[in-house]
Amino acid sequence: MAPALSDQPRRRLGLSAHLLAFGLALLLPVLALGAVSAWQVALSYQGAFTARLRDTARALSLALNSELEAMQSAALAVASAPAVRQERDDAMRRAWLEGLGQALGDASIAIHTEATAPEDEGGALVRRVLRTRQSGLSNLYRAGPSTARPEGGLAISVAVAVPELPQAVLVTIGPARLAQVLMAQRLTSGVAGLADGRGINVARSHGNERFVGAPAPWYGLAQGMTEGVFRGRNFEGVEILFGYHRLAMGEGWGVVLGEPWATYQASWSAPLTRFGIGAIVAVALAIAAALVLARRILAPVRALRHQAEEVAAGRGRTESLAAAVSAARIAEFEALRCALLRADVALRAGEAEFRAAFEQAAIAMSQSDPGTGRLLRVNAAYATLVGRPAEALIGQPFAEFIHPDDRETEMAGWRAMARGEIGVFETHKRYVRPDGSIRWASGTVSAVRDPVTGRIVRTLGASQDITERKAVEERQTLLTRELDHRAKNVLAVVQAALRLTPRTSAADYAQAVEGRVAALARAHTLLAEAHWTGAGLRDLATAELAVFLGDGSGRAVLEGPAVTLSPTAVQAVSMALHELATNATKHGALSVPEGRLHLSWSLTERPGLLLLRWVERGGPRLGGPPARCGFGTRVLRATVQDQLGGRVEQRWPPEGMECDLAVPLERIGAAG
């Protein structure tokens, strides 16, 4: 039934009043947004200013650390030099130290014992370094007569201990050196300052001579900081904004870049003022445009009222309606009515499309009650993910299907989203299927609100099964760790070969190192071909002996069962065979054309051992064991005994050297 019309309708506000209220409603948020935007602009200028101070202080810290580390490196180089280990203080060594000091930029370098250390802070640093054997950096101090600088001058020293000797190298420079580092950074604005661990000013980018040695007024404000920005005063009492960064060397040393507080305020207040003026002009223009637009809107409204009165009066109903429809100004309102009708049809079609998309989606989708967490609707992909029929899931709490270890975190985020505290909840969890299998899922959960009340009526979850991707990621991580482990092992063996090879001559040293590294490379090639699962002993021996036999492969006989060695054992056995073949080439059967070699191996169960026998025949006749144990023999024994936990037995009968190796199977992972 249509509502009855009153003969005396109550007074209502006209369209003009509503337009005015609408304009005010639009204007107030614009003003608020303008104020917020202006404040955000000011904050961004402030943030940029402080970030520049902080970043520049960090860059200055890196430059100063580099300079101090150069001093420390020079001291370490002197401490490791052979001339220092001669333990004598002659004129040649003093001249050498003076030359090094000049090369470092007018630095003083001296070598002290505890007895010769000067009676100033440089000497105290020397005694501390000799006591702790740790390098150190002094604070700024006034040098005494024995610190290798003009007596009474300000200085900074770095000291390192000479290895295995009760001596320390003391490198000393003046604070002007660090001031030059600050000035070399070519700061476009501000003044940089450096203070030591006691808060004494060591160097400044401007006015260094005036303030060096004075207490830095900002130092107390930086206590406990690694880096940061704070407000304080400089030597002249001017209010300054400082950017601070602590140096890596020197306990308590720090560098600042300061700019006047007035400059900091001007950096953001001037743009804020300009922005405010522009905002006022823009708001004034918006009000003027709104007034003009209101006039244009009222014209078709008045025409619509006139047409309605014509229809109500019964004058030319059909003609009036036709005129109303054909009038350009009224057509917008008719278009609005038609648009609403079309929107209703489109909404119904959209609901049908959503239902079809929900049911047929390839990703797992579900809808839940925001109060209880019980499932209201699920699609086939969700049922497949959790391993249960779709009809059995409706009405069940979705938390029951989540892995217990993930349930608490998942529910905490879901409840916060269901209460409206967050808009979207990103989820990353495991589902447990009825058969106990685990499926990983990743996705989002969002709230669905009532369009009228805004109340959350359900939650919508969309998840993707990422179980296979997680498995691939875990395998990739495992392979990466294994590759890193293998690379470190190879580098460690190469380092040992470089360190242990005797340095009789450059050519012999290069040949020996090249041979051992080549042996490792051949072992690495075999392991790479087998994807680092191991390598066969026969393949390893064949590859190693081929380098020494050339085309004379018939000179060596290899026999034994199929044995697969672990990657670690492959490298060690390769080194052992290389040392035996090298010795045979230099002194044994492989040193003459008629020499022969027989390599055999076998496995024993109790105890579990791999037995290798190396027998040489046809080489130079032997007169017994060698007079001294060669380096190759030491490498052979170290490899087999220390690395593999085995034993080595060598014999030297007249007809040729014999060597037996016994290695526990559990140490080499041997498999037949």
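Heads up: the structure comes first, above all this text.
The notes below deal with the structure included here. (Residues numbered from 1 in each chain as written. Predicted model: local features only at pLDDT ≥ 70, side-chain atom pairs only at ≥ 80, totals over all residues. Heavy atoms only, no water.)

### Observations regarding the overall build of the protein chain
When helices and strands are tallied, the protein chain shows 18 helices and 22 strands. Looking at the protein chain as a whole, 38% of its 672 residues are labelled buried. Long-range contacts, defined as pairs at least 24 residues apart, comprise 53% of the intrachain contacts of the protein chain with a sequence gap of at least 6. Total accessible area on the protein chain is roughly 37,800 Å²; 58% of this is exposed by carbon and sulfur atoms. (Helix = DSSP H or I, 4+ residues; strand = E, 2+ residues; numbered from the N terminus. Buried < 20%, exposed > 50% of the residue type's maximum accessible area, 1.4 Å probe, protein only. Contact = heavy atoms within 4.5 Å. Areas by Shrake-Rupley, 256 points an atom, 1.4 Å probe, with all protein chains shown as cover.)

### Quick word on unusual backbone geometry
Glycine aside, a negative phi is what most residues show, and trans is what most peptide bonds show. Non-glycine residue E164 carries a positive phi angle of around 65°. Within the fold, E164 resides in the loop between β4 (154-161) and β5 (168-173). Residue E164 is classed as exposed on the basis of its relative accessible area of 76%. Although it is not a glycine, R186 adopts a positive phi angle of roughly 55°.

### Remarks on a nonpolar patch on the surface
Taken together, the side chains of I277, V281 and L285 make up a nonpolar region of the molecular surface, amounting to roughly 300 Å² of accessible area. Along the chain, V281 turns up in helix α7 (residues 261-313). For V281, a relative accessible area of 47% puts it in the partly exposed group. (Patch = residues over 30% accessible without salt bridge, like charges linked within 9 Å, V, L, I, M, F, W, Y side chains within 5 Å. Salt bridge = Lys/Arg side-chain N within 4 Å of Asp/Glu carboxyl O.)

### Looking at the nonpolar core
Of all hydrophobic cores here, the largest spans 45 residues; its most connected members are L64, I156, V169, L178, L194, V202 and W253. The element best represented in this core is helix α1 (residues 15-80), accounting for eleven residues. Each residue touching V202, except ones within four places of it in the same chain, is listed here: L140, I156, P175, L178, L194, A195, D196, N208, V212 and W253. Listed in part, the 34 residues of the second largest apolar core include L537, L545, L580 and L612. (Core = buried A, V, L, I, M, F, W, Y, C linked by side-chain atoms within 4.5 Å.)

### Details of the pairing of strand β13 (residues 424-432)
Across nine bridges, β13 lies against strand β14 (residues 438-449) in antiparallel orientation. Among the inter-strand pairings, H428 is bridged to a residue of β14, identified as S442. (Pairing = 2+ DSSP bridges.)

### Side note on helix α5 (residues 175-184)
Every buried residue belonging to α5 is among P175, R177, L178, A179, V181 and L182, and all of these are buried. Count one or two residues on from α5 and you reach R186, which has phi positive near 55°.

### A short note on the environment of V378
With respect to the helices and strands, the residue V378 is situated in strand β12 (residues 375-378). Residues V378 and F358, spaced 20 residues apart in sequence, show a C-alpha to C-alpha distance of 8.3 Å. Leave out the neighbours within four places in its chain, and V378 touches F358, E359, M365, S366, A390, L393 and I394.

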